[in-house]
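Residues per chain are reported as follows:
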Amino acid sequence: MTYAERQAFWKNSEIGKLLGFDRWPDLPQKSETSLVFKLSAEKWISNSNQGELIKDENWIQIEAAIRELDGESKTLVILKSDDETYMNIRGGKSAKYVVTATFNNKKFDVLVDLSKSDEIEKLVVGGQEENYSAKMCVDLLHCLVAARAFTQSGKLDPLLSWEEDKSIYNLK
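Residues numbered from 1 in each chain as written. Predicted model: local features only at pLDDT ≥ 70, side-chain atom pairs only at ≥ 80, totals over all residues. Heavy atoms only, no water.

Undergrad: Explain the overall build of the chain to me, using residue names and the numbers behind them.
TA: A count of helices and strands for the chain gives four helices and eleven strands. Scored against the burial criterion, the 172 residues of the chain give a buried share of 36%. Taking contacts inside the chain between residues at least 6 apart in sequence as the whole, the part at least 24 apart equals 49%. Entry remark: accessible area of the chain is about 10,600 Å², with carbon and sulfur atoms responsible for 54%. (Helix = DSSP H or I, 4+ residues; strand = E, 2+ residues; numbered from the N terminus. Buried < 20%, exposed > 50% of the residue type's maximum accessible area, 1.4 Å probe, protein only. Contact = heavy atoms within 4.5 Å. Areas by Shrake-Rupley, 256 points an atom, 1.4 Å probe, with all protein chains shown as cover.)

Undergrad: Describe helix α4 (residues 140–153), and please don't skip the residues or the numbers.
TA: When the terminal C-alpha atoms of α4 are compared, their 20 Å separation across 14 residues agrees well with the 20 Å that a helix rising 1.5 Å per residue should span. Listed as buried for α4 are Cys143, Leu144, Ala146, Ala147, Ala149, Phe150 and Thr151. On the buried face of α4, the contacting elements are α3 (59–67), β5 (76–82), β6 (85–91), β7 (97–102), β8 (108–111) and β11 (162–164). Gly154 sits one or two residues past α4 and shows a positive phi near 75 degrees. (Expected span 1.5 Å × (residues − 1).)

Undergrad: Any details on the pattern of salt bridges? Residues and values, ideally.
TA: This structure, assessed with the given rule, holds seven salt bridges. Linking Asp83 and Lys80 is a salt bridge whose minimum nitrogen-to-oxygen distance equals 3.7 Å. By relative accessible area, which is 27% here, Lys80 ends up partly exposed. Notably, a salt bridge pairs Asp109 with Lys107, separated by 3.0 Å at the nearest N-O pair. Residue classification places Lys107 among the partly exposed positions, given a relative accessible area of 36%. Because the salt bridges share partners, they merge into one network encompassing Asp118, Lys135 and Glu163. (Salt bridge = Lys/Arg side-chain N within 4 Å of Asp/Glu carboxyl O.)

Undergrad: So what's going on with the pairing of strand β1 (residues 38–41)? Which residues, and what values?
TA: Regular strands place their side chains on alternate faces of the sheet. Taking every second residue as pointing to the same face, the buried face of β1 carries Leu39 and Ala41, while none of Lys38 and Ser40 on the other face is buried. Pairing of β1 with β5, which is carried by four bridges, proceeds in the antiparallel orientation. Within β5, the residue paired with Leu39 across the bridge is Leu79. (Pairing = 2+ DSSP bridges.)

Undergrad: So, the side chain of Lys135: which residues are in play, and what are the values?
TA: Within the element layout of this structure, Lys135 appears in the loop between β10 (128–133) and α4. A relative accessible area of 17% places Lys135 in the buried class. Not counting chain neighbours up to four residues away, the residues in contact with Lys135 comprise Leu111, Val112, Asp113, Lys116, Ser117, Asp118 and Glu163.

Undergrad: I'd like a rundown of the environment of Gly154, residues and numbers included.
TA: Along the chain, the position of Gly154 falls in the loop between α4 and β11. Placed 74 residues apart in sequence, Gly154 and Lys80 show a C-alpha to C-alpha distance of 9.7 Å.

Undergrad: Which residues make up α3, and what are the values?
TA: The complete set of buried residues in α3 reads Trp59, Ile62, Ala65 and Ile66. Along the axis of α3, the buried residues cluster in a sector spanning 130 degrees; they form a single face. Looking at the packing, one finds that the buried side of α3 touches β1, β5, β6, β7 and α4. The opening residue of α3 is Asn58, an N-cap whose side-chain oxygen sits 3.0 Å from the backbone nitrogen of Ile60. (Arc of directions from axis to C-beta. Polar contact = N/O pair within 3.5 Å; in protein donor to acceptor, adjacent residues only side chain to side chain.)

Undergrad: So what's going on with the packing of aromatic side chains? Which residues, and what values?
TA: What characterises a pair of aromatic rings is the spacing of the ring centres plus the angle enclosed by the ring planes. Applying the stated criterion across every chain, the model contains two aromatic pairs. On the basis of an interplanar angle of 65 degrees and a centroid distance of 6.2 Å, the ring pair of Tyr86 and Phe108 is categorised as edge-to-face. With Tyr86 in strand β6 and Phe108 in strand β8, the pair connects residues that are 22 residues apart, well separated along the chain. Relative to Phe150, the ring of Phe103 has its centre 6.1 Å away and its plane inclined at 50 degrees; by these criteria the two rings are tilted. Of the two residues, Phe103 sits in the loop between β7 and β8 while Phe150 sits in helix α4, which places them 47 residues apart along the sequence. (Phe/Tyr/Trp six-rings, centres within 6.5 Å; stacked < 30°, edge-to-face > 60°.)

Shown next as structure tokens:
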């Protein structure tokens with residue numbers, strides 16, 4: 001049942017009328033549009049990035065690109081709505097992903113798994129092995145939830161744990 005169908009049900013059903021939903025004003029329709037306008041997915045062949053840039057993509061393409069991350073030849077997906085607002089999803093090897101997002105290209109937030117330690121793990125990103133805190137290496141489910149929320153709302157999912165990324169790449 002779609003959002004509009006649920007809304008119509010509550011306004012028109014006997015139970016909905018008993019509860020007073022028929023007197024409520026019409027609510028705005030839920031948007032299924034994406035706030036991400038560019039999807040960049042790298043693909044390393046030898047020392048050359050042969051990745052692709054897709055404009056006006058949909059969630060199916062975004063999810064497929066994330067699921068294709070293998071930590072070897074495909075290690076980075078970027079969801080971009082403008083030059084200062086984007087989400088990076090890195091890794092993929094051993095089902096470990098690092099998800100960061102920025103809204104001003106200066107402060108970066110990173111998705112964390114608070115049940116993990118600060119031990120160092122190695123992931124391949126951009127064709128190079130890099131060190132990450134273990135708590136920054138999240139599973140595929142959390143990665144997809146974060147990407148879906150960012151794609152649909154242009155915001156970070158508030159039910160996930162986010163921390164400010166204090167790495168050397170975080171410019172202040």
